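Read off the chains here:
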Amino acid sequence: MNSTGTINLTTNELAAGLALCGYESMASQIINSMDLAEDENEFDRFIEDIEAALRAKDYWDGSRETLLVEGLEDLLYLLVH
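Residue numbers here run from 1 along each chain, matching the order of that chain's written sequence. The predicted origin of the model limits local features to residues at a pLDDT of at least 70 and limits the giving and counting of side-chain atom pairs to 80 or more, whereas totals for whole chains, interfaces and linings rest on all residues. The basis for the side-chain values is all heavy atoms of the structure; hydrogens and waters are excluded.

J.: Summarise the side chain of Thr66; cite the residues concerned and give the values.
T.: To qualify as a helix, a DSSP run of H or I must reach at least 4 residues; to qualify as a strand, a run of E must reach at least 2; elements of each kind are numbered from the N terminus. By the secondary structure assignment, Thr66 is in the loop between helix H3 (40–56) and helix H4 (70–80). Side chain to side chain, Thr66 and Glu73 meet in a polar contact 3.0 Å long. In this view, Thr66 contacts Leu20, Cys21 and Glu73; residues no more than four positions away in its chain are not counted. Any N or O atom pair separated by 3.5 Å or less is treated as a polar contact, with the protein-specific requirement of one donor-capable and one acceptor-capable atom, and with residues adjacent in sequence counted only for side-chain atom pairs. Contact between two residues is taken to exist if any of their heavy atoms lie within 4.5 Å; hydrogens are not considered.

J.: Help me get a handle on helix H1 (residues 11–20), residues and values and all.
T.: When accessible area is computed with a 1.4 Å probe and restricted to protein chains, residues below 20% of their type maximum are described as buried, those above 50% as exposed, and intermediate ones as partly exposed. Of all the positions in H1, only Glu13, Ala15, Ala16, Gly17, Leu18 and Ala19 are classed as buried. Structurally, H1 contributes buried residues whose contacts are with helix H2 (24–33), H3 and H4. Residue Gly22 follows H1 closely and has a positive phi angle near 95°.

J.: Could you give me a rundown of a negative patch on the surface, with the residues and numbers involved?
T.: Patch membership requires over 30% relative accessible area and the absence of a salt bridge. Like charges are linked within 9 Å, and nonpolar side chains (Val, Leu, Ile, Met, Phe, Trp, Tyr) within 5 Å. Surface accessibility follows the Shrake-Rupley procedure with a 1.4 Å probe radius. Residue values consider only the protein chains on display as shielding. The salt bridge definition used is simple: a Lys or Arg side-chain nitrogen within 4 Å of an Asp or Glu carboxyl oxygen. Under this rule, positive means Lys or Arg and negative means Asp or Glu; His and the chain ends count for nothing. By convention, charge coordinates are those of NZ in Lys, CZ in Arg, CG in Asp, or CD in Glu. A surface patch of like charges, here negative, comprises Asp35, Glu38, Asp39, Glu40, Asp44, Glu48 and Asp49. Looking at the secondary structure, you find Glu48 in helix H3. For Glu48, a relative accessible area of 56% translates into the label exposed.

J.: Talk me through the packing of H1 against H3; I want residue IDs and the actual numbers.
T.: To characterise two packed helices, one gives the angle between the axes of the helices and the distance between these axes. Between H1 and H3, the shortest axis-to-axis distance is 9 Å and the interhelical angle comes to 110°. On the basis of the axis angle, H1 is roughly perpendicular to H3. In this structure, H1 crosses over H3, and the sense of that crossing is left-handed. Judged by residue contacts, Asn12, Glu13, Ala15, Ala16, Ala19 and Leu20 of H1 engage Phe43, Phe46, Ile47, Ile50, Ala53 and Leu54 from H3. Each axis is a line fitted through C-alpha atoms, and for a helix only the stretch in contact is used; angles between axes span 0 to 180 degrees, taken between their N-to-C directions. When an angle is under 35 degrees it counts as roughly parallel; over 145 it counts as roughly antiparallel; between 65 and 115 it counts as roughly perpendicular; any other value is oblique. For any helix crossing, the convention is left-handed if the near helix is rotated counterclockwise from the far helix by under a right angle, and right-handed if that rotation is clockwise.

J.: Outline the pattern of salt bridges, supporting the account with residue identities and numerical values.
T.: Following the criterion strictly, the structure yields three salt bridges and no others. Note that Lys57 and Glu13 form a salt bridge whose closest N and O atoms lie 2.7 Å from each other. Here Lys57, found in the loop between H3 and H4, pairs with Glu13, found in helix H1; they are 44 residues apart in sequence, far enough to count as distant. Look at Lys57 and you get partly exposed, because its relative accessible area is 28%. The exposure class assigned to Glu13 is buried, which follows from its relative accessible area of 4%.

J.: Tell me what's going on with the packing of H1 against H2, and back it up with residues and numbers.
T.: Axis separation between H1 and H2 bottoms out at 7 Å; the angle between their running directions is 155°. One finds that H1 runs roughly antiparallel with respect to H2. The element H1 and its partner H2 pack so that their crossing is left-handed. Here Thr11, Leu14, Ala15, Leu18 and Ala19 of H1 come into contact with H2, specifically with Glu24, Met26, Ala27, Ile30 and Ile31. For the contact of H1 with H2, the class distribution of residues is eight nonpolar, one polar and one charged. Side-chain classes follow a simple rule in which Ala, Val, Leu, Ile, Met, Phe, Trp, Tyr, Cys and Pro form the nonpolar group, Asp, Glu, Lys and Arg form the charged group, and the remainder, Gly included, forms the polar group.

Read these as spatial facts, not as claims about activity.
Structure (structure tokens):
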């Protein structure tokens, strides 16, 4: 994650991040409203496809349970709650 403290996500990355943090219902709402995935298999593939974008932005941390860097996970938690 960059040192300026800013987080820049696309809508797809936001939905994937929510799903990775355990907020599948919210992620599904975003994905369904954008007609990105019609069934659970497409939903799972969508999440996997976003991994490359999150890695490129240094938001991916394979050593964490959610696979997201702590700052992004914390932001998503705050947004949800």
